[in-house]
Amino acid sequence: MKFRVEILKDNANSTDLEKLKKLNNDIKELDVLVEELLVFQMLDSVSAPEPQPIDMAALIHTMVAEIYEPYQTIQLELDFPEHPVWVQGDANQLRRMLQNLIINAFKHAHGKVRVSLEQSPVTLQISDDGEGIPEDQRQRIFTPFVRLDSSRNRQTGGFGLGLAIIQRIARLHHAHISVTESALGGANFKVVFQSSKVARSKRRSP
């Protein structure tokens, strides 16, 4: 479909080009939906990852450097310990979880996002100053294909799979995810890792 759209563009007038642009956007949405469905199904069938030591502070810094450029109008505050913060798990899955949570915060924020990390137990919190999530809807948002009927949800679209994927990744890493009201006024997503014994035994040498 992408190939045929590109071919049709060569001889299209301005009206047809606009229609082809909309069609191309529809194809991109289908790509995203298929990818999310595949990831969601994969996470449902895999076992817990082999424990590897992951420095969450370093992983977040890397992720922010990769995704922040389109959201530079949003003030970003990072609150980390000076030393590495270790968990055990799969780096690719944790990267996906962080990417989804941080981009989600950027999309919903009016002007500020805060990412904080604590140890004992390892706790990740990502807050925004957006619309927030009503208390009676905070459990539903982790259900596949659920999209809230709120301005927070309508502004950003999506298929209702992102947070369900995040929850499955958290469970595979023996972590619990929840959402509350943020001190910034929007939503605060909190991930608590219940065990990091393997990771602690493999700390970097000073």
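Computed from a prediction, not measured in an experiment: that's the story for all the values here.

Taken as a whole and judged by the stated rule, the model has 3 aromatic pairs. Judged by centre distance (5.0 Å) and plane angle (15 degrees), the rings of tyrosine 71 and phenylalanine 106 are stacked. One end of the pair, tyrosine 71, is in the loop between α3 (56-67) and β2 (75-79); the other, phenylalanine 106, is in helix α4 (residues 91-108), with 35 residues separating them in the sequence. The two residues tyrosine 71 and phenylalanine 106 agree in class, both being buried. With a centroid separation of 6.4 Å and 85 degrees between ring planes, the pair formed by phenylalanine 142 and phenylalanine 189 is classed as edge-to-face. With phenylalanine 142 in the loop between β5 (123-128) and α5 (151-154) and phenylalanine 189 in strand β7 (residues 187-193), the pair connects residues that are 47 residues apart, well separated along the chain.

The omega torsion across serine 120 and proline 121 is -10 degrees, close enough to zero to call that bond cis. With respect to the element layout, proline 121 can be found in the loop between β4 (112-118) and β5. Despite not being glycine, serine 120 has its phi angle at roughly 60 degrees, a positive value. Tracing the chain through its elements places serine 120 in the loop between β4 and β5. Phi angles above zero are rare outside glycine, and histidine 174 is one such case at about 55 degrees. Position of histidine 174 relative to the elements: it lies in the loop between α6 (162-172) and β6 (175-181).

Pairing is mixed across the open sheet formed by 5 strands, whose spatial order is β2-β4-β5-β7-β6. Each end of this open sheet is capped by a strand with a single partner; those strands are β2 and β6. Neighbour to neighbour, the strand axes of the sheet diverge by 10 degrees on average, direction disregarded. In this sheet, β7 lies alongside β5 in antiparallel orientation, the contact comprising 5 bridges.

Turning our eyes to something else, we now look at the packing of α4 against α6. One can describe the packing of α4 onto α6 by two numbers: an axis separation of 9 Å at closest approach and a directional angle of 140 degrees. In terms of their interaxial angle, α4 and α6 are classed as oblique. The hand of the α4/α6 crossing is left-handed. Of the residues in α6, those touching α4 at Gln93, Leu94, Arg96, Met97, Asn100 and Leu101 are Gly162, Ile165, Ile166, Ile169, Ala170 and Leu172. Taken together, the residues that form the contact of α4 with α6 break down as 8 nonpolar, 3 polar and 1 charged.

Moving on, we come to the pairing of strand β3 (residues 86-89). Where burial is concerned, the two faces of β3 agree: the one with Trp86 and Gln88 and the one with Val87 and Gly89 are both buried. Judged from the 4 bridges that link them, strand β1 (residues 52-55) and β3 form a sheet pairing that is antiparallel. Directly across from aspartate 55, in β3, lies its bridge partner tryptophan 86.

Attention shifts here to the packing of α3 against α4. For the pair α3 and α4, interaxial distance at closest approach is 10 Å and the crossing angle is 55 degrees. Judged on the interaxial angle alone, α4 and α3 are oblique. Helix-helix and strand crossings are classified by hand; for α3 and α4 the assignment is right-handed. Contacts between α3 and α4 pair Met56, Leu59, Ile60, Thr62, Met63, Val64, Glu66 and Ile67 from the former with Ala91, Leu94, Arg95, Leu98, Gln99, Ile102, Ile103 and Phe106 from the latter.

Definitions and cut-offs
Residues numbered from 1 in each chain as written. Predicted model: local features only at pLDDT ≥ 70, side-chain atom pairs only at ≥ 80, totals over all residues. Heavy atoms only, no water. Phe/Tyr/Trp six-rings, centres within 6.5 Å; stacked < 30°, edge-to-face > 60°. Helix = DSSP H or I, 4+ residues; strand = E, 2+ residues; numbered from the N terminus. Buried < 20%, exposed > 50% of the residue type's maximum accessible area, 1.4 Å probe, protein only. Pairing = 2+ DSSP bridges. Axes fitted to C-alpha atoms, helices over the stretch in contact; angles between N-to-C directions. Parallel < 35°, antiparallel > 145°, perpendicular 65-115°, else oblique. Left-handed = near helix turned anticlockwise from the far one by under 90°. Contact = heavy atoms within 4.5 Å. Nonpolar A, V, L, I, M, F, W, Y, C, P; charged D, E, K, R; others polar.

Keep in mind these numbers describe shape, not what the thing actually does.
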